[in-house]
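What follows is each chain in one-letter form.
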Amino acid sequence: MSQNRAGANGTQSIWRDLEAPGIAAFEELARDAFARLPDSFRALCTGLVIRIEDFPTDEVLDEMGAETPFDLLGLFQGVGRAQADAVAHTGQMPNMVFLYRRPILDYWAENEETLGDVVTHVLVHEIGHHFGLSDDDMEAIEDRAN
């Protein structure tokens, strides 16, 4: 993409050829966001799988009581720290965080945050809530990641 394209009134437009980031770009954003998180937080996430999907499944929407597919930005599925000793480990699936691309893009378009900050926020909150962290703890983690 050339950043030197002039618009009709002589102004340059870097937006003309840009497309919404696809699944691969979101995977890269999520990997980068996760890598920037503090080591102590990432230690909670041994073996965590981060998946990017356009939308949550109908089953997830029903379970979460969501009215539209845009209501959920992400979801943690797995066993949190509080439940780890109470759950049998045989056949246990890895902990997973789903980041939902289209709802995240929609949220990003309506707010004044960078896309990277939104992805980091969703990632931290999905993991953090499941592991019993407070909102203040998660805010501090986000601040250290940025």
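Now for a look at the structure at hand. (Residues numbered from 1 in each chain as written. Predicted model: local features only at pLDDT ≥ 70, side-chain atom pairs only at ≥ 80, totals over all residues. Heavy atoms only, no water.)

## Examining the overall build of the protein
Logical step 1: Secondary structure summary: the protein contains 6 helices and 3 strands in total.
Logical step 2: Per-residue burial over the protein gives 33% buried out of 146 residues.
Logical step 3: Long-range pairs, those at least 24 residues apart, make up 64% of the contacts in the protein with a sequence separation of at least 6.
Logical step 4: Put simply, the protein shows about 9100 Å² of open surface, and 48% of that area lies on carbon and sulfur atoms. (Helix = DSSP H or I, 4+ residues; strand = E, 2+ residues; numbered from the N terminus. Buried < 20%, exposed > 50% of the residue type's maximum accessible area, 1.4 Å probe, protein only. Contact = heavy atoms within 4.5 Å. Areas by Shrake-Rupley, 256 points an atom, 1.4 Å probe, with all protein chains shown as cover.)

## Considerations on a negative patch on the surface
Logical step 1: On the surface, a cluster of negative charge is contributed by Asp135, Asp136, Asp137, Glu139 and Asp143.
Logical step 2: Among the secondary structure elements, Asp137 is positioned in helix α6 (residues 135–145).
Logical step 3: The exposure class of Asp137 is partly exposed, given its relative accessible area of 38%. (Patch = residues over 30% accessible without salt bridge, like charges linked within 9 Å, V, L, I, M, F, W, Y side chains within 5 Å. Salt bridge = Lys/Arg side-chain N within 4 Å of Asp/Glu carboxyl O. Lys, Arg positive; Asp, Glu negative; His and termini not counted. Charge placed at Lys NZ, Arg CZ, Asp CG, Glu CD.)

## Some words on the pattern of salt bridges
Logical step 1: Following the criterion strictly, the structure yields 4 salt bridges and no others.
Logical step 2: Arg36 is paired through a salt bridge with Asp32; the nearest N and O atoms lie 3.2 Å apart.
Logical step 3: Between Arg42 and Asp39 there is a salt bridge whose closest N-O contact spans 2.2 Å. Residue Arg42 and its partner Asp39 are located together in helix α2 (residues 39–43), separated by 3 residues, close to a single helical turn.
Logical step 4: Residue class for Arg42 comes out partly exposed when judged on its relative accessible area of 26%.
Logical step 5: Since its relative accessible area comes to 57%, Asp39 is described here as exposed.

## What about the nonpolar core?
Logical step 1: Judged by nonpolar contacts, the single largest core of 26 residues is most densely connected at Leu37, Leu99, Ile104, Val119 and Ile127.
Logical step 2: Going through the elements one at a time, α1 (23–35), β3 (96–100), α4 (101–110), α5 (115–130) and α6 are the ones with two or more residues in this core.
Logical step 3: With 7 residues, α5 is the single largest residue contributor to this core.
Logical step 4: Excluding residues that lie within four positions of it along the chain, Ile127 makes contacts with Phe34, Phe41, Cys45, Leu48, Phe76 and Val97.
Logical step 5: Core analysis: the second largest hydrophobic core is formed by 7 residues, Val60, Leu72, Leu75 and Met96 among them. (Core = buried A, V, L, I, M, F, W, Y, C linked by side-chain atoms within 4.5 Å.)

## Here's the deal with a nonpolar patch on the surface
Logical step 1: A grouping of Ile14, Trp15 and Leu18 is seen on the molecular surface, where their side chains present a nonpolar patch of about 330 Å² in accessible area.
Logical step 2: Inspection of the secondary structure puts Trp15 in the segment before α1.

## Here we look at the sheet that holds β3
Logical step 1: What the 3 strands build is an open sheet, ordered β1-β3-β2; its pairing is mixed. The open sheet has two edge strands with one neighbour each: β1 (49–53) and β2 (74–77). Strand-to-strand twist of the sheet, defined as the mean angle between neighbouring strand axes without regard to direction, takes the value 20 degrees.
Logical step 2: Sheet analysis places β2 next to β3, joined by 4 bridges and oriented antiparallel. (Pairing = 2+ DSSP bridges. Axes fitted to C-alpha atoms, helices over the stretch in contact; angles between N-to-C directions.)

## Remarks on α4
Logical step 1: Inspection of α4 places Arg101, Pro103, Ile104 and Leu105 among the buried residues, and these make up the whole buried set.
Logical step 2: Among the structural elements, α1, β1, β3 and α5 are those in contact with the buried residues of α4.

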